Amino acid sequence: MMRLAIDIGSFITKIYMPGCGVVLAEATCVAVEREGDEVHYKAFGDRARALSGKAAQNTRIINPVTEGDIAHPRLLSALLEYFLEKVEVPRRKAKNCEVMFVLPCGAKQELKEKYLDVAYDCGIGRTCFTQTPFAAVLGHNVTLSETTPVFCLDIGYGITNIAVVSLDGIIAGLSVNLGGGNIDVHLMDYMAEEFRLKIGALTAERLKNTVGSLLEDDNKMTVVDGRSLDGGTPSSVAVNSSQIEEVITLYVDKILEYVTLVMSKLPAEVASAVMHGGIYLSGGLAKMDGLPGYISKKLGIAVNESEEPSLCAVIGGGMILSSDYLRAALATSD
């Protein structure tokens with residue numbers, strides 16, 4: 001039976017195939033065209049995301065997953081079926097496929113039921129689940145045991161997972177609706193207020209990824225294109241790292257408040273082990289320059305980085321899927 005680990009994020013969907021590695025990383029996005037009462041799928045994935053802010057009046061760009069929850073099950077089913085075909089798992093093969101979905105920390109049964117419905121719509125034969133903290137830590141190539149707690153901080157686009165885990169389960173943890181998406185929205189507001197420039201979501205994301213930094217005295221610069229709020233004409237302004245640093249630190253500091261909350265609930269022995277082992281940082285925002293050092297300085301604890309932080313969870317999900325030992329401890333099925 002073919003096996004796949006799938007991490008459907010609010011921004012990017014990743015698919016891992018044991019023996020092949022990560023075979024897909026594409027936008028969790030659908031372009032829908034409405035003609036009267038009829039709705040047609042115009043584009044999926046990266047092609048749909050590229051239409052954001054540029055689509056025709058009767059075309060909507062929709063993210064089926066919002067803040068870790070499935071907001072549009074029907075659209076997600078169509079999107080996932082498209083992704084499965086891209087990795088050569090069409091419907092006729094899907095019935096002989098087992099899929100492990102990587103879900104947020106503390107995912108409730110209601111969310112699992114939604115994923116089961118999506119899997120059924122795609123013709124997937126067997127479905128199981130694991131939680132992001134377990135998968136993300138394993139994606140760091142950390143060996144989990146019952147006696148050594150590990151601290152996971154996974155900062156995604158729409159949700160952040162914070163947990164201390166061991167092979168025995170989650171010792172303390174939670175997921176919060178904070179992430180890179182909040183920064184993008186605030187950057188759009190910031191550009192309007194400070195520069196009288198209206199920009200779209202793709203431009204805000206590009207600005208964050210290009211010059212967003214928490215390094216001291218970093219002054220990377222980029223030119224941002226948009227529409228002037230004064231004259232309504234196309235306009236451009238130069239923006240550097242220091243100008244948007246406050247927007248970024250606002251949300252990072254909020255996340256660190258929750259990290260501190262989780263730490264405060266740890267037994268003394270667990271807290272000691274975490275202090276010794278450090279925090280394992282993953283998720284798309286972890287790629288931002290200076291973020292690991294900023295977190296380490298704020299919390300007074302070492303931060304362990306990954307070469308591909310955005311892929312840690314799906315890689316770890318694949319490791320769980322491939323190991324009977326890890327599956328027995330870290331996976332659930334419904």
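Our subject is the structure that appears above.
Now for a look at the structure at hand. What you see is a predicted model, and the numbers here were worked out from it, not measured in a lab.

Across the sheet, which stays open at both edges, the five strands sit in the order β13-β12-β11-β17-β18 with mixed pairing between neighbours. The strands lining the two open edges of the sheet, one partner per strand, are β13 (169–176) and β18 (303–304). Relative to strand β12 (residues 160–166), strand β11 (residues 150–155) runs antiparallel, the two being bridged by six bridges. Counterpart to Val 150 in the pairing with β12 is Val 165.

What follows is about the pairing of strand β1 (residues 2–8). With five of its seven residues buried, β1 lies for the most part within the structure. Inspection of the sheet shows β1 paired to strand β9 (residues 97–103) by five bridges, in the parallel sense. Opposite Ala 5, over in β9, you have Met 100 as the bridge partner. With four bridges joining them, β1 and strand β2 (residues 12–17) adopt antiparallel strand pairing. Bridge pairing in β2 links Ile 8 to Thr 13.

The nonpolar side chains of a soluble globular protein tend to be buried, and buried together. If you look at the biggest cluster of nonpolar residues, it comprises 43 residues, and the most contacted ones within it are Leu 153, Met 191 and Leu 291. Here the element with the most residues in this core is helix α8 (residues 241–264); it accounts for nine residues. Every residue in contact with Leu 153, bar those within four places of it in the chain, is listed here: Thr 160, Asn 161, Ile 162, Ile 255, Val 259, Ile 279, Tyr 280, Leu 281, Ser 282 and Ile 295. The next biggest cluster of nonpolar side chains, apart from the first, holds 34 residues, and it includes Val 30, Phe 44, Leu 75 and Val 87.

Here we come to the environment of Tyr 115. Summarising the element assignment, Tyr 115 is placed in helix α4 (residues 109–121). Sequence-distant contacts of Tyr 115, that is, excluding residues within four places in its chain, are made with Ile 8, Ile 70, Phe 101, Leu 103 and Phe 129.

Another aspect to go through is the sheet that holds strand β3 (residues 21–27). The six strands lie next to each other as β3-β2-β1-β9-β10-β19, forming an open sheet whose pairing is mixed. In the strand order of this sheet, the two ends are held by β3 and β19 (332–333), each with one partner. The strands touched by α4 are β1, β9, β10 (126–131) and β19; relative to β10, the strand with the most contacts, the crossing angle is about 145°.

Right, let's talk about the environment of Gln 243 for a bit. Among the secondary structure elements, Gln 243 is positioned in helix α8. Taking relative accessible area as the criterion, Gln 243 reaches 29% and is therefore assigned partly exposed. Considered as a pair, Gln 243 and His 276 are 33 residues apart in the sequence and their alpha carbons are 35 Å apart. Sequence-distant contacts of Gln 243, defined by excluding residues within four places in its chain, comprise Tyr 190, Phe 195 and Ala 238. There is a polar contact of 2.8 Å between the side chain of Gln 243 and the backbone nitrogen of Asn 240.

Counted at 1.5 Å a residue, the expected span for helix α6 (residues 180–195) with its 16 residues is 22 Å, and the 22 Å between its end C-alpha atoms agrees. Its buried side turned inward, α6 meets β14 (197–198), α7 (201–211), β15 (221–228), β16 (234–240) and α8. A positive phi of about 55° marks Arg 196, the residue just after α6.

Attention now goes to the environment of Cys 152. With respect to the helices and strands, the residue Cys 152 is situated in strand β11. A sequence separation of twelve residues divides Cys 152 from Val 164, and the C-alpha atoms of the two residues are 6.1 Å apart. Residues contacting Cys 152, with those up to four places away along its chain left out, are Pro 133, Ala 136, Val 137, Asn 161, Ile 162, Ala 163 and Tyr 280.

Turning next to the pairing of β10. Relative to β10, β9 runs parallel, the two being bridged by six bridges. Residue Val 102 lies in a different strand from β10, and its bridge partner there is Thr 130. After leaving β9, the chain enters α4 and then returns to the sheet as β10, a path that is right-handed. Sheet topology note: the β10/β19 ladder contains two bridges and is antiparallel. Note on β19: the bridge partner recorded for Cys 128 is Ser 333.

This next bit is on the pattern of salt bridges. Following the criterion strictly, the structure yields 13 salt bridges and no others. Linking Asp 7 and Lys 14 is a salt bridge whose minimum nitrogen-to-oxygen distance equals 3.6 Å. Lys 14 matches Asp 7 in its accessibility class, with the two residues each being buried. Of the charged contacts in the structure, one is a salt bridge between Glu 81 and Arg 91, with a shortest N-O distance of 3.3 Å. Of this pair, Glu 81 sits in helix α2 (residues 73–86) while Arg 91 sits in helix α3 (residues 91–94); the two residues are ten residues apart in sequence, bridging distant segments of the chain.

Thresholds, definitions, all that
- Each chain carries its own residue numbering, running from 1 in the direction its sequence is written.
- Per-residue local features of the predicted model are confined to residues with pLDDT of at least 70, and side-chain atom pairs are confined, for both listing and counting, to 80 or more; whole-chain, interface and lining totals are unaffected and use all residues.
- The side-chain quantities take in all heavy atoms of the structure and omit both hydrogens and water.
- Any two strands with at least two DSSP bridges between them are considered paired.
- Numbered from the N terminus, helices here are DSSP runs of H or I no shorter than four residues, and strands are runs of E no shorter than two.
- Between buried and exposed lies partly exposed: a residue is buried under 20% and exposed over 50% of the maximum accessible area for its type, with that area taken using a 1.4 Å probe on protein chains only.
- In this description, a nonpolar core means a group of buried Ala, Val, Leu, Ile, Met, Phe, Trp, Tyr and Cys residues linked to one another through side-chain atoms lying within 4.5 Å.
- Note on definitions: a residue-residue contact is assigned when non-hydrogen atoms from the two residues lie within 4.5 Å.
- Angles shown run from 0 to 180 degrees and are taken between the N-to-C directions of axes, each axis being a line fitted to C-alpha atoms and, for helices, limited to the stretch in contact.
- By the criterion applied in these results, polar contacts are pairs of N or O atoms within 3.5 Å in which, for protein atoms, one can donate a hydrogen and the other can accept it, and in which residues neighboring in sequence qualify only through two side-chain atoms.
- In a helix, the anticipated span is given by 1.5 Å times the number of residues less one.
- Seen with its strands pointing away from the viewer, a crossover is right-handed when the path leading from the first strand over the helix to the second is clockwise.
- Salt bridges are defined as contacts in which a side-chain nitrogen from Lys or Arg sits within 4 Å of a carboxyl oxygen from Asp or Glu.

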